[in-house]
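Each chain, letter by letter, is given below.
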Amino acid sequence: MLGTLCTLITALTYVDAAKVVTQTPAVHTVSTGQQVVLNCNIERDENYYVEWYKQVPGGAPQFVLKIHHSHSSPDSFGTGFSADRFDSKASSDINYQFIIKSAETGDSAVYYCLTTDKPTKEIVSQ
């Protein structure tokens, strides 16, 4: 029997005066239990961290994790997220992957990556 499908959407491109951040794939549909890999290209290295956020329809963004390209694993996780299910890797100083090790129906959401040079704080309360 097929597992429940979950759909993950990434913000395609974010542009500001300083940087273009591109995420792929735009829409990713998987069955529960499958591994999910989302990609983020930050255009150029400024020795910043990359953070990933999850947003369900009608909800506020939730901080998932933060990683630096020189580190082999995430530096920190948001409340309710852990290395048991989530991971991130940098294949270069500008290319990052966000990994859901085994998708669950509750993972269906829009995922955003962004760069920051500041320590992560939980910026959203529910």
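This is a predicted model, so every value here is computed, not measured. (Residues numbered from 1 in each chain as written. Predicted model: local features only at pLDDT ≥ 70, side-chain atom pairs only at ≥ 80, totals over all residues. Heavy atoms only, no water.)

### Describing the overall build of the protein
Formally: Helix and strand definitions follow DSSP, with helices as H or I runs of at least four residues and strands as E runs of at least two, each counted in order from the N terminus. The buried label applies to any residue whose accessible area, calculated with a 1.4 Å probe on protein chains only, is under 20% of its type's maximum; exposed applies above 50%, and partly exposed to all values in between. What makes two residues a contact is simply this: any of their non-hydrogen atoms within 4.5 Å. The protein chains shown are the only cover counted for residues, whose accessible areas, like all others here, come from Shrake-Rupley with a 1.4 Å probe.
Secondary structure assignment for the protein yields 0 helices and 11 strands. The helix and strand sequence of the protein, counted from the amino end, reads β-β-β-β-β-β-β-β-β-β-β. Of all 126 residues assigned to the protein, the portion counted as buried reaches 32%. A fraction of 50% describes how many contacts in the protein between residues 6 or more apart in sequence connect residues 24 or more apart. Put simply, the protein shows about 6,800 Å² of open surface, and 54% of that area lies on carbon and sulfur atoms.

### A few points about the side chain of E51
Under the convention used in this document: A 3.5 Å cut-off defines polar contacts: any pair of N or O atoms within that distance qualifies, except that in protein one atom must be a possible hydrogen donor and the other a possible acceptor, and neighbouring residues in sequence count only when both atoms are side-chain atoms.
Relative to the helices and strands, E51 resides in strand β6 (residues 49-55). A distance of 2.7 Å separates a polar atom in the side chain of E51 from a polar atom in the side chain of Y53.

### Some points on the pairing of strand β7 (residues 62-68)
The condition is simple: A strand pair is defined by DSSP finding two or more bridges across the two strands.
Of all 7 residues making up β7, 6 are buried, and the element is well covered by its neighbours. From the end of β6 to the start of β7, which pair antiparallel, there are 6 residues, and G58 there has a positive phi angle of about 80°. Across 2 bridges, β7 lies against strand β8 (residues 76-77) in antiparallel orientation. Within β8, the residue paired with K66 across the bridge is S76.

### Considerations on the confidence of the model for the protein
Close inspection of predicted coordinates is inappropriate in any region flagged by low pLDDT. Operational definition: For every residue, the predictor reports its confidence as pLDDT, a number between 0 and 100.
Predicted confidence across the protein gives a mean pLDDT of 78, with 75% of residues reaching 70 or more. Per-element confidence in the protein is highest for β8, whose mean pLDDT is 94, and lowest for strand β2 (residues 13-15), whose mean pLDDT is 44. Counting contacts from residues 1-6, a segment whose pLDDT is below 50, to residues more than four positions away or on other chains yields 16 contacts. Confidence over residues 119-126 falls short of pLDDT 50; this stretch has 10 contacts with residues more than four positions distant or in other chains.

### Notes on the pattern of salt bridges
The criterion, for reference: When a carboxyl oxygen of Asp or Glu is within 4 Å of a side-chain nitrogen of Lys or Arg, the pair counts as a salt bridge.
Enumeration over the complete set of coordinates arrives at 3 salt bridges. Note that E104 is salt-bridged to R85, the shortest N-O span being 3.4 Å. One end of the pair, E104, is in the loop between β10 (95-100) and β11 (109-116); the other, R85, is in the loop between β8 and β9 (86-90), and 19 residues separate them in sequence. In this structure, R85 engages D107 in a salt bridge whose closest nitrogen and oxygen atoms are separated by 2.4 Å. Taken as a pair, R85 in the loop between β8 and β9 and D107 in the loop between β10 and β11 lie far apart in primary sequence, 22 residues in all.

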